[in-house]
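Each chain is listed here by its residues.
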Amino acid sequence: MPPPPVRSPSRLLLCHCRLPFHISPQTRLPLSHNSSVRRRFHCSAVSAVSALSSDPQIAPTDLTTTPPSSHILSIRESLLSRRRTAADVAGEYLDRLRRTEPHIRSFLHVSETTMREAEEVDRLVASGKDLGPLAGVLVGVKDNICTAGMPSTGGSRILEGYRPPFDATAVRKLKEAGAIVIGKTNMDEFGMGSTTEGSGFQVTANPWDISRVPGGSSGGSAAAVSAKQCVVSLGSDTGGSVRQPASFCGVVGLKPTYGRVSRFGLMAYASSLDVIGCFGASVIDSAIVLNVVSGHDRFDSTSSTHEVPDYASFLMSTDHFESTPLKGLKVGMIRETIGDGVDVGVISSIKAAALHLEELGATITEVSLPSFSLGLPAYYVLASSEASSNLSRYDGVRYGNRATVDELNSLYGDSRADGLGPEVKMRILMGTYALSAGYYDAYYKRAQQVRTLIRKSFKDALEKMDILVSPAVPSPAYKIGEKVNDPLAMYAGDIMTVNVNLAGLPALVVPCGFVEGGSAGLPVGLQMIGSSFSEEKLLRIGHIFEQTLPNYRFVPPLL
Amino acid sequence: MALIFHRGIIANSQFFSRSSGVLFRRLRASRSCTSARGEGTANTLKEELIQVAPKRALEPNTHGFEAIIGIETHVQLFTLTKAFCSCPYVYGSRPNTTICPVCMGHPGTLPVLNSKVVEFAVKLGLALNCGLSMTSKFDRKHYFYPDLPKGYQISQFDIPIATKGFIDVDLPVEFGGGHRRFGITRVHMEEDAGKLLHSETGSYSQVDLNRAGVPLLEIVSEPDMRSGLEAAEYAAEIQRLVRFLGISNGNMQEGSLRCDVNVSVRPIGQSKFGTKVEIKNMNSFSAMSRAIDYEISRQVLLHSLGQSDQIFQETRLWEEGAQKTFTMRKKEGLADYRYFPEPDLPEVVLTKEFVDKLCQGLPELPEAKRRRYEKMDLAMQDVLFLANDNHVAEFFDASLENGADPKLAANWIMGDISAFLKNERLSITEIKLTPFELSELIASIKNGTISGKIGKEILFELLAKGGTVQSLIEEKDLVQASLIFLIVDPAAIEALVDKVLAANPKQLEQYRAGKTRLQGFFAGQVMKESKGKANPLVLNKILGVKLKGES
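Note that this is a predicted model, so its numbers are computed, not measured.

(A) Just the overall build of chain A, in detail. A count of helices and strands for chain A gives 19 helices and 11 strands. In chain A, the proportion of contacts linking residues at least 24 apart, taken out of those at least 6 apart, comes to 77%.

(B) Examining a nonpolar patch on the surface more closely. Where nonpolar side chains cluster on the molecular surface, the patch consists of Tyr433(A), Tyr439(A) and Tyr443(A) and spans about 290 Å² of accessible area. Looking at the element boundaries, Tyr439(A) is found in the loop between helix H15 (422-435) and helix H16 (441-464).

(C) A look at the sheet that holds strand E13 (residues 314-319) of chain B. Residues and elements named next belong to chain B. Read across the open sheet, the nine strands follow the order E2-E6-E7-E10-E1-E11-E12-E13-E14; overall the sheet is mixed. Two strands bound the open sheet, and with one partner strand each, they are strand E2 (131-132) and strand E14 (324-330). The strands touched by helix H7 (residues 285-304) within the sheet are strand E1 (65-76), strand E11 (257-267), strand E12 (277-280), E13 and E14, with E11 carrying the most contacts at an inclination of about 25 degrees.

(D) Highlighting the packing of helix H5 (residues 115-127) of chain B against helix H6 (residues 228-245) of chain B. Residues and elements named next belong to chain B. Across the interface, H5 lies against H6 with an axial gap of 11 Å and an inter-helix angle of 130 degrees. By the criterion of interaxial angle, the relationship of H5 to H6 is oblique. Here H5 runs over H6; the crossing is right-handed. Facing H5, whose interface residues are Lys123, Leu124 and Ala127, H6 presents Leu241, Val242 and Leu245. Each residue belonging to the contact of H5 with H6 can be placed in one class, and the counts come to five nonpolar, no polar and one charged.

(E) Representation of the sheet that holds strand E4 (residues 232-237) of chain A. All names here are of chain A. Ordered in space as E1-E3-E2-E4-E6-E5-E10-E11-E9-E7-E8, the 11 strands form an open sheet in which the pairing is mixed. Either end of the sheet is taken by a strand with one partner, and the two such strands are strand E1 (107-110) and strand E8 (363-367). Across the sheet, the axes of successive neighbouring strands diverge by a mean angle of 30 degrees, strand direction being ignored. Relative to strand E6 (residues 275-280), E4 runs antiparallel, the two sharing five bridges. In the sheet register, Ser236 faces E6, and the bridge partner there is Ile276. Together, strand E2 (138-142), strand E3 (180-185), E4 and E6 form the strand contacts of helix H7 (residues 169-176), whose direction differs from that of E4 by roughly 165 degrees. Strands strand E5 (252-255), strand E9 (467-471), strand E10 (507-515) and strand E11 (522-529) of the sheet are contacted by helix H19 (residues 535-548), whose axis makes an angle of about 20 degrees with E10.

(F) Quick peek at the environment of Ile292(B). Residues and elements named next belong to chain B. The topology assignment puts Ile292 in helix H7. Taking the relative accessible area as the measure of exposure, Ile292 reaches 0% and is therefore buried. Counting along the chain gives 65 residues from Ile292 to Ser227, while the straight-line C-alpha distance between them is 7.2 Å.

(G) Looking closely at the confidence of the model for chain B. Residue and element names in this part refer to chain B. Scored by pLDDT, chain B has a mean of 83; 86% of the residues are at 70 or more. Note that pLDDT drops below 50 for residues 1-60; the model gives that stretch 96 contacts with residues more than four away or on any other chain. Low pLDDT, under 50, characterises residues 478-483; the stretch is placed with four contacts to residues that sit more than four places away or in other chains. For this predicted complex, the interface score ipTM comes out at 0.87, alongside a pTM of 0.82.

(H) Highlighting the pattern of salt bridges. A full pass over the atoms with the stated rule returns 56 salt bridges over all chains. In this structure, Glu77(A) and Arg83(A) form a salt bridge, with 2.4 Å as the shortest nitrogen-oxygen distance. On the basis of relative accessible area, Glu77(A) is assigned to the partly exposed category, the value being 41%. With a closest N to O distance of 3.0 Å, Glu92(A) and Arg96(A) form a salt bridge. Here the residue Glu92(A) and the residue Arg96(A) both occupy positions in helix H5 (residues 86-104), the gap between them amounting to four residues, near one helical turn. For Glu92(A), a relative accessible area of 26% gives the class partly exposed. A network of salt bridges, in which partner residues are shared, links Asp170(B), Glu233(B), Glu237(B), Arg240(B), Glu367(B), Arg370(B), Arg371(B) and Glu374(B).

(I) View of the packing of aromatic side chains. All names here are of chain B. Taken as a whole and assessed by the stated rule, the structure comprises 25 aromatic pairs over all chains. Consider the rings of Tyr143 and Tyr337, whose centres lie 6.2 Å apart with planes at 70 degrees: the pair is edge-to-face. In this pair, Tyr143 sits in the loop between strand E4 (139-142) and strand E5 (152-155) while Tyr337 sits in the loop between E14 and strand E15 (340-341), placing the two residues 194 residues apart along the sequence. Take Tyr337: its relative accessible area is 29%, and that puts it in the partly exposed class.

(J) Structural detail: the nonpolar core. Phe190(A), Leu234(A) and Leu468(A) are the most contacted members of the largest nonpolar core, which totals 165 residues. In this structure, Leu468(A) is in contact with Gly332(A), Ile334(A), Val367(A), Leu369(A), Phe458(A), Ala461(A), Leu462(A), Gln527(A), Met528(A) and Ile529(A), ignoring residues within four places of it in sequence. Counting residues in hydrophobic clusters, the runner-up holds 67 residues, among them Ala67(B), Val169(B), Ile238(B) and Ala287(B).

(K) Main features of the interface of chain B and chain A. With 32 residues of chain B at the contact, the number on the chain A side is 38 residues. For the pair chain B and chain A, the summed buried area comes to about 2,700 Å², and 60% of that belongs to carbon and sulfur atoms. Looking only at chain B, the three residues that lose the most surface to chain A are Pro107(B), Phe144(B) and Arg338(B), adding up to 23% of its buried area. In this structure, the connection of chain B to chain A is made through one salt bridge. Arg263(A) is paired through a salt bridge with Asp344(B); the nearest N and O atoms lie 3.0 Å apart. At the junction of chain B with chain A, the criterion picks out 17 residue pairs in polar contact (both at pLDDT 80 or more).

(L) Here's a closer look at the pairing of strand E9 (residues 205-208) of chain B. Residue and element names in this part refer to chain B. As defined by bridge partners, strand E8 (residues 195-198) adjoins E9 across four bridges and the pair is classed as antiparallel. Residue pairing across strands places Leu197 opposite Gln206, the latter belonging to E9. The antiparallel hairpin formed by E8 and E9 contains six residues in its connecting segment, where Gly202 sits at a positive phi of about 80 degrees.

(M) The arrangement of the packing of helix H11 (residues 390-401) of chain B against helix H12 (residues 406-424) of chain B in detail. All names here are of chain B. One can describe the packing of H11 onto H12 by two numbers: an axis separation of 10 Å at closest approach and a directional angle of 140 degrees. With respect to their mutual orientation, H11 and H12 come out oblique. Considering only the axes of H11 and H12, their crossing is right-handed. Of H12, the residues touching H11 (which contributes Val392, Phe395, Phe396 and Leu400) are Pro406, Ala409, Ala410, Ile413 and Ile417. Across the contact of H11 with H12, the residue classes tally to nine nonpolar, no polar and no charged.

Conventions and cut-offs
Here the residue numbers are simple positions, counted from 1 along each chain's written sequence. As a convention, the first chain written is A and the first ligand written is 1, with the rest following in written order. Per-residue local features of the predicted model are confined to residues with pLDDT of at least 70, and side-chain atom pairs are confined, for both listing and counting, to 80 or more; whole-chain, interface and lining totals are unaffected and use all residues. Hydrogens and water are ignored here; the side-chain numbers use all heavy atoms of the structure. For helices the rule is a DSSP run of H or I covering at least 4 residues; for strands it is a run of E covering at least 2, with both sets numbered from the N terminus onward. We call two residues contacting when some pair of their heavy atoms lies within 4.5 Å. Note that patches include only residues with greater than 30% relative accessible area and no salt bridge, and the join distances are 9 Å for like charges and 5 Å for nonpolar side chains (Val, Leu, Ile, Met, Phe, Trp, Tyr). What sets the accessible areas is the Shrake-Rupley method with a 1.4 Å probe; for residues, cover comes only from the shown protein chains. In the sections that follow, a salt bridge refers to a side-chain nitrogen of Lys or Arg positioned within 4 Å of a carboxyl oxygen of Asp or Glu. The pairing criterion is simple: DSSP has to find at least two bridges between the two strands. Here the axes come from fitting lines to C-alpha atoms, over the contacting stretch only for helices, and the angles between their N-to-C directions go from 0 to 180 degrees. Roughly parallel means an angle under 35 degrees; roughly antiparallel means over 145; roughly perpendicular covers 65 to 115; every other angle is labelled oblique. Crossing handedness is read from the near helix: turned anticlockwise from the far helix by less than a right angle, it gives a left-handed crossing, and turned clockwise, a right-handed one. When residues are grouped by polarity, Ala, Val, Leu, Ile, Met, Phe, Trp, Tyr, Cys and Pro land in nonpolar, Asp, Glu, Lys and Arg in charged, and all others, Gly among them, in polar. Relative accessibility thresholds used throughout: buried, under 20% of the residue-type maximum; exposed, over 50%; partly exposed, between the two (1.4 Å probe, protein chains only). One number per residue, pLDDT, summarises how confident the predictor is, and it ranges from 0 to 100. The aromatic pairing rule takes the rings of Phe, Tyr and Trp, using the six-membered ring of Trp, and pairs them if the centres are within 6.5 Å, calling planes under 30 degrees apart stacked, those over 60 edge-to-face and the rest tilted. We define the nonpolar core as a collection of buried residues of types Ala, Val, Leu, Ile, Met, Phe, Trp, Tyr and Cys that are connected through side-chain atoms lying within 4.5 Å of one another. Note on definitions: buried area is the accessible-area loss of two parts on being combined, 1.4 Å probe, summed for both. Two N or O atoms count as a polar contact when they lie within 3.5 Å, although within protein this holds only if one can serve as hydrogen donor and the other as acceptor, and sequence-adjacent residues are included solely when both atoms are side-chain atoms.

If you want it as structure tokens, here you go:
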């Protein structure tokens, strides 16, 4: 982050310590229904900040009060100032990756050319040529996003060893901006799952507690950013696959508006819902990545021609925002997301986050989305239907694994039986059923009608409110294996996120608190939902929220 | 192609000539209706056809049964690139050389619609008198086959781009002629699949995806055809239409025009359709006609033997060698293609301006051409010939624009020019003769500058080497003056006539006594005297006057 304009010592402190936003425990208590757990987390930090507020001249020593900063901008700054080389940066990340990967297992493939590409960036720096906005930035790419010459399996055995002949548009744009693809991240097979346990290859662990899942399906991408194995990463979000793991791993996760980012090169799961999203350690980093990957693509007719604003530039100026920078902002808290079936710790974290928004000047109102609960079944019908169609191409004829058989029907049957995992098979069966003659109207068509209702209810709510907020997930990260045999419980975890995909809206998940679990607590993410193509607004609010959120440091204990 | 087809019919179904009287009457009736175009007349016409159909079925070889025929035609569009990617398609390319990740169905690839496909579909829809769906969409049709890369075909299901049209057809004169109007149910856009190449031994098959993703228009007809001839003429008219529109080469051998025919037979008077059988693998109109007539006979035979339960809903292949249809596969219930809207492609929205522009740009279509030529008092045979090929029609029309007499131009084109084309295996666009020179040639003969015989010689020069009529006449004049120089000077001819009359007083007397046939004798004598160089028109004119002794 560039240094803020120095007007007075207190201004300087404002951006570094966010003191004006700090509320003492006394004033906070009656407002929030905090659990004791939450308060306990606060204690040390609160006292540190309180000490600071009593003596603003003392620079903060406790790192817990440092707001997340942009890793992308700091790398850029070090390269431009020649303090560090891209090779140094790459070396640091690769060392950490090698150290942590045996525990976390977020990568299905690690690039062998990272150092060489970093040296290339250094030559560019030396030559004084213009650097792309992501020069020297190491990016993890979810394995269902095609990378030329690098394995891309979508987490499926049926594509084991498959190397696409082209880069996905998002990857091409990242590379053109100077980014280095460090590797391909683990995921639930073809995006179907919420834990990475559905991967055909390995299970990724949550850096906050390696006995827990990182979420999914983009679990590898979230865990890799959380564990600083890479700077930022790409994921994909069909029903929450970016937002849920962002919440579980304590990172920022952005699901853009449907059509904002080209899907060309993203292995289709449910084409009408799929969106490429990104993970970062800060809102700024997510904004910079979104900036690079957004825009119309002639290879994707569903990509939008809507103008791409500079999502990142205006975030800098918020370094010197007012004491109530969100004044006048109308925030709707979705009533259906803070009731039954939602972890009490999660609810209190979200309510505390809402209070924090209020302190920033926003007004919080509870809003009801009556069709909310219909989203889950409608989502599973539509996503499975589209998946049953999209996955037809994995037949072993042109690429991927082919069974050795003599007869055509067995070629199809055996290649797919061997290559696809149980969750994928289940969804193909469900989708095939839903699209069958005689059932189409009862399932697919009806789900489309529900989708229209959901779209409308969001539209109505977002006409009254600037943004809507909810938890990203009803619970914190659960144990590996805990829900493997209970698919319905796993599906229920998507309740907070699927509606947003059905409506095609953008949503940003920002870490907002912790609940008890693991050695250092488990992160909870706040989901902010905006109207179509309002990413700019979401990122601005998210940035202010994140930079002013007191007392949390979302760095997992593993590091 | 049309000629081959006619011969085929003569060989196989003699009964058409017998039915010609009936067909002809229907032609007259239809003609009066078509003069006023519109939905209303289309309906009455269809009813009329249905009423007339039983008359046909009374013919001996259908034994009280009538055939119901519907046709699905796939027209491969010759756009520069495929329907959803930028690969070219060239028939006969080496296998798997015009493919890319998109048409191979690689993971992550998406279709992007080629706008030319929509343009061509709209043109065909308009030409087939269809209603257009201003908003239509694509759907996925699912089935597994190795030539189908994605496991689904991008097609249009419940909202095709064009529906409810008709096509007007003139049956060949040699089969009694007749005008028919066949209903068009729908036209929709879709993509072609690849091809499987089976090894000789059958132990393996190879996949060629060159054709995968090539744009197709599927035209579904109403079940309005009643015979192989009608079906073949329907298909031939579709071929003419797509060629006139410039949207496909319509080549059956290359598979650019493929017809799947549904045939069923029912006793006359029964309203319920019989079991329908699909016939495939006919790669000429002649084969189509024969295959259908064979299939009708087969089904009629089963009906008359009381074995109609032996007619199965199945797909049969036409075997050219055996001149028979054979079972390819029996249908096990209805295939469930699990259609659903293609989420990767936005809806196809047509604007009124777009449609209007295409409508204004439509060329004159075969039916309109035939009606126009008919009004020129050309024989129906000539009308059908000229309007059969758009290049021939263009040549003919261009000659007329230069003032050529329609009948004479038609005669030259259908006679010597088309014989030359056939011998040299050329198309009319490849010859050196221009329509302008043809009209000059016709004018030169008409005004007596050259004789018909000389005209023919000049024509072949023009066809083979090009040049102008004027320069050839002059050139010949210099090189072979004795052969082609004509005496046109009336005074010179008059002198010759006087000489001949004086030398044959006896014949002159007989002529003046009433034996006017002798004019030919005198003309011959004068021509002989001129060594063949006297202009015959001038000669006859002067001779006539002199013989009558009027001057």
